[in-house]
Amino acid sequence: MPLLEVERLSKGFGGVRAVHDVSFTLDEGELLGVMGPNGSGKTTLFNLIAGALRPDSGRIRFRGHDVTGLAPHRICARGIARTFQLVKPFAGLSALENVLVGRLFGRERASPAGATADALRLLALVGLEGRAGQPAAALTLMDRKRLELARALATRPRLLLLDEIAGGLTEHECHALVDTIRAVHASGTTIVWIEHVVHALLAVVGRLIVLNFGRLIAEGPPATVIATPEVRETYMGIEA
Ligand SMILES: Nc1ncnc2c1ncn2[C@@H]1O[C@H](COP(=O)(O)OP(=O)(O)OP(=O)(O)O)[C@@H](O)[C@H]1O
Ligand SMILES: [Mg+2]
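Residues numbered from 1 in each chain as written. Chains lettered and ligands numbered in written order. Predicted model: local features only at pLDDT ≥ 70, side-chain atom pairs only at ≥ 80, totals over all residues. Heavy atoms only, no water.

Details of the pairing of strand β4 (residues 57-62)
Operational definition: Exposed residues in this analysis have more than 50% of their type's maximum accessible area, buried residues have under 20%, and partly exposed residues fall in between, with area computed by a 1.4 Å probe over protein chains only. Elements are defined by DSSP. Helices are runs of H or I of four residues or more, strands are runs of E of two residues or more, and each kind is numbered from the N terminus. Strands qualify as paired when DSSP identifies two bridges or more between them.
Covered by surrounding structure in β4 are G58, I60 and F62 only, the residues S57, R59 and R61 on the alternate face being uncovered. Of the strand pairs in this sheet, strand β1 (residues 4-13) and β4 are connected by 5 bridges, and their pairing is antiparallel. For E7, the partnering residue across the bridge sits in β4 and is R59. Of the strand pairs in this sheet, β4 and strand β5 (residues 65-66) are connected by 2 bridges, and their pairing is antiparallel.

What follows is the structure, given as structure tokens:
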């Protein structure tokens, strides 16, 4: 049984078909990359999977159960966590408290005592050691992106959805992020990673899907997908 099954998913906003008839499956243990130009529907796809939006049509199954239209907190409790492209920390809480929210309300909920130790470990993992007590609102954008990752990991996801977390990092930071993602994946978490920083994506993903105007236009091994005429055309259009 696949971990995730997305079947003929569609979502429109007014006249815009943000996600149009998208189907794919994801096996447990995969690290899947998602590419596509700006506005091609990548974040909307995550919003549908994570329950932030309801699809107009189509189904989403997770571990064999239909989760279409479930509330985000229920989906999180079943083991799907996501980061937000436009970061959404609890601004009035400290970095540590943000991660604690994930640890206390996610899939495997910790006791308050154990939760703090776990949260501190996760802050260190993403490079936020020393920032635990700072209000999230006072962190730099890059640090708030790191916090997104720590909070998502704190929910103990079976499936982690990462939405553009590498943009704006230095090369050194990007390497560190790729190492972190590899480590999270190696510890047994299935990952879907939306990213415009293509070299970072291609360094880790085993499979790639590409969206364009809401449609899935290519899927398969990264090297093959990158070389398909439709994908090359899509990206050459952008460069032009
Ligand atoms: N809440 C919304 N209301 C109206 N239109 C929306 C909404 N969310 C997304 N859209 C539109 O849906 C389309 C897909 O947007 P989406 O954010 O999913 O793209 P994306 O692939 O994540 O782009 P980017 O790479 O810029 O993050 C765009 O045309 C966008 O303007
Ligand atoms: Mg997006």
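Looking at the side chain of T68
For clarity, the cut-off: Polar contact criterion, stated in full: a pair of N or O atoms within 3.5 Å, where within protein one must be able to donate a hydrogen and the other to accept it, and residues adjacent in sequence count only if both atoms are side-chain atoms.
By secondary structure assignment, the location of T68 is in the loop between β5 and α2 (72-78). For T68, a relative accessible area of 18% puts it in the buried group. In terms of polar contacts, T68 uses its side chain to reach the backbone amide nitrogen of I60, at 2.9 Å. Of note is the side chain of T68, whose polar atom sits 2.5 Å from the side chain of D66.

Considering the site of ligand 1
The line we're drawing: To be near a molecule or strand, a residue needs just one of its heavy atoms within 4 Å of it. Residue-level accessible areas treat just the shown protein chains as cover; the underlying method is Shrake-Rupley with a 1.4 Å probe. Three classes are used, and their members are as follows: Ala, Val, Leu, Ile, Met, Phe, Trp, Tyr, Cys and Pro are nonpolar, Asp, Glu, Lys and Arg are charged, and the others, Gly among them, are polar.
Taken together, 14 residues lie around ligand 1, and G39, K42, T43, T44 and Q85 are the ones closest in. Within the side chain of E164, a nitrogen or oxygen atom sits 3.4 Å from an oxygen atom of ligand 1. For ligand 1, whose unbound accessible area comes to 640 Å², protein coverage reaches 62%. Looking at the shell around ligand 1, the elements that each hand over two or more residues are β2 (16-26) and α1 (42-49). By residue number, the principal contributor to the shell around ligand 1 is α1, which donates 3 residues. Residues belonging to the shell around ligand 1 are distributed by class as follows: 4 nonpolar, 8 polar and 2 charged.

Focus: the sheet that holds β4
Pairing is antiparallel across the open sheet formed by 4 strands, whose spatial order is β2-β1-β4-β5. One side of each edge strand has no neighbouring strand; the edge strands of this open sheet are β2 and β5.

Focus: the pattern of salt bridges
Quick reminder of the rule: Criterion for a salt bridge: a side-chain nitrogen of Lys or Arg within 4 Å of a carboxyl oxygen of Asp or Glu.
A full pass over the atoms with the stated rule returns 16 salt bridges. With its nearest N and O atoms 3.8 Å apart, the salt bridge here joins D56 to K11. In this pair, D56 sits in the loop between α1 and β4 while K11 sits in strand β1, placing the two residues 45 residues apart along the sequence. The exposure class assigned to K11 is buried, which follows from its relative accessible area of 14%. Linking D143 and R146 is a salt bridge whose minimum nitrogen-to-oxygen distance equals 2.7 Å. Of the two residues, D143 and R146 both sit in helix α5 (residues 141-154), 3 residues apart, roughly one turn of that helix. Here the salt bridges share partners, and the residues they tie into one network are R103, R107, E108, D118 and R156.

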